[in-house]
Amino acid sequence: MRLGEAEVLCSLRGRLKRERQQATSLVVVGDHVEVSVQSDGTGVIQEVAPRRTVLERPGFRDRTRLAAANLDLLVVVQSTRLPAFNRHLVERFLAIADRGGMSALLVVNKIDLEDPAVVGSWLAPLRALDLPIVLTCAKDGRGIERLREALTRRLAAMVGPSGVGKSRLINALDPGFKARIGEISRVHEKGKHTTTASRLYPLEGGGYLADTPGIRELALFEGDPESLAIVFPEVVEAAARCRFRRCSHSHEPSCAVKAAVESGAIDRDRYEHYLRLAAGG
Ligand code: GDP
Ligand code: ZN
């Protein structure tokens, strides 16, 4: 919890905890909260203010759904290669931003790895949208200044698949972040509650960049068949042979996925992980 310029370790008031437990995540990054600071310097969160915008994971059960609150800007990050640009994924993040009341910005990183004309052809269908696009190379610094300007004085978060370069972009924006974050983490380690590694990077010209495990996991749309297909291609491949078209692969007779698990063609741990995600968390 950032209070003024200080970091204050906070716990939730008991009643608040019980009230909100079923409804949604209790407090997420970006929430405005009322805190009473106690004599030992720790705080107790008394109230969570109504949320102006919400960043929600589609397909999750209620409690794990909310990833952040009050973001102004959702920065959708893609790379040209490794992993390959995926316009479909961009469009789904845009839908999430829209639904949650946030503006969106597309960053295409690793422009050093692809011909600009090719990148241009990928982006052509998106030009019709009212979507600012910044091309970057976190490696050599191209586009970083434009990205910094777009983030200034806003509360933003970067979303996108693992490996597109989010961490490196954050570092390129401000190489000092790493050191400062290290300090904050040490403060937290002294406290009892070390559960979340939520990070709010203060930006030079004002504003913050939020980075939390919950935000990063947004790249995976849990419970959603299409994103599951990206993560578990072997399950989807076997599923084509199931008897029922809407087979859940958990209990149905003649389920080709279950058969593949029995025969060892599909790893059992991965199958069980798949079932958990398909069930929505
Ligand atoms: P994250 O998972 O989205 O946080 O991605 P990382 O920041 O960890 O980057 C993944 C890999 O891509 C690392 O090896 C980075 O060094 C590399 N990378 C990041 N940005 C660029 C870039 O602009 N160009 C190239 N060639 N590699 C990059
Ligand atoms: Zn099946």
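In this text the structure is predicted, and so the values were computed from the model without any measurement. (Residues numbered from 1 in each chain as written. Chains lettered and ligands numbered in written order. Predicted model: local features only at pLDDT ≥ 70, side-chain atom pairs only at ≥ 80, totals over all residues. Heavy atoms only, no water.)

Moving on, we get to the pairing of strand E11 (residues 155–159). Most of E11 sits out of view: five of its five residues are buried. Side-chain alternation along E11 places Leu 155, Ala 157 and Val 159 on one buried face and Ala 156 and Met 158 on a second face that is also buried. Pairing between strand E8 (residues 73–79) and E11: four bridges, direction parallel. Of the residues in E11, the one forming a bridge with Leu 73 is Ala 156. (Buried < 20%, exposed > 50% of the residue type's maximum accessible area, 1.4 Å probe, protein only. Helix = DSSP H or I, 4+ residues; strand = E, 2+ residues; numbered from the N terminus. Pairing = 2+ DSSP bridges.)

On to the pattern of salt bridges. Counted by the stated rule, this structure contains nine salt bridges. The residue Arg 52 makes a salt bridge to Asp 72 at a minimum N-O spacing of 2.9 Å. Taken together, the residues Arg 52 in the loop between strand E5 (43–48) and strand E6 (54–56) and Asp 72 in the loop between strand E7 (66–69) and E8 connect sequence positions 20 residues apart. With relative accessibility at 56%, the residue Arg 52 sits in the exposed group. Given a relative accessible area of 21%, Asp 72 falls into the partly exposed group. (Salt bridge = Lys/Arg side-chain N within 4 Å of Asp/Glu carboxyl O.)

Glancing now at unusual backbone geometry. The omega angle of the peptide bond from Leu 82 to Pro 83 is 0°, so this bond is cis rather than trans. Even without glycine at this site, His 249 takes up a positive phi of about 60°. Along the chain, His 249 turns up in the loop between helix H9 (233–239) and helix H10 (256–263). His 249 gets classed as buried once you look at its relative accessible area, which sits at 6%. Its identity as a non-glycine residue notwithstanding, Ser 254 has a phi of 55°, on the positive side. On the secondary structure map, Ser 254 appears in the loop between H9 and H10. The exposure class assigned to Ser 254 is partly exposed, which follows from its relative accessible area of 42%.

Moving on to the environment of Arg 154. Following the sequence through the fold, Arg 154 ends up in the loop between helix H4 (144–151) and E11. Overall, the relative accessible area of 29% leaves Arg 154 in the partly exposed class. C-alpha of Arg 154 to C-alpha of Gly 206: the two residues are 52 residues apart in sequence and 7.4 Å apart in space. Among residues more than four places away in sequence, those in contact with Arg 154 are Asp 72, Leu 73, Ser 103, Leu 203, Gly 206, Gly 207 and Tyr 208. (Contact = heavy atoms within 4.5 Å.)

Another aspect to go through is the packing of aromatic side chains. By the definition in use, this model includes one aromatic pair. Aromatic pair Phe 85 and Trp 122: ring centres 5.3 Å apart, planes at 5°, arrangement stacked. Here Phe 85, found in the loop between E8 and helix H2 (87–100), pairs with Trp 122, found in helix H3 (residues 116–123); they are 37 residues apart in sequence, far enough to count as distant. Judged by its relative accessible area of 23%, Trp 122 falls in the partly exposed class. (Phe/Tyr/Trp six-rings, centres within 6.5 Å; stacked < 30°, edge-to-face > 60°.)

Residues in close proximity to ligand 1 total 16 residues, the closest being Asp 112, Gly 163, Lys 166, Ser 167 and Arg 168. Between ligand 1 and the protein, one listed contact pairs an oxygen atom with a backbone N or O atom of Gly 165 at 3.0 Å. The side chain of Arg 168 places a nitrogen or oxygen atom 2.7 Å from an oxygen atom of ligand 1. The protein chains hide 74% of the 580 Å² of surface that ligand 1 would expose on its own. The element that contributes the greatest number of residues to the shell around ligand 1 is helix H5 (residues 166–173), accounting for three residues. (Near = heavy atom within 4 Å. Polar contact = N/O pair within 3.5 Å; in protein donor to acceptor, adjacent residues only side chain to side chain. Areas by Shrake-Rupley, 256 points an atom, 1.4 Å probe, with all protein chains shown as cover.)

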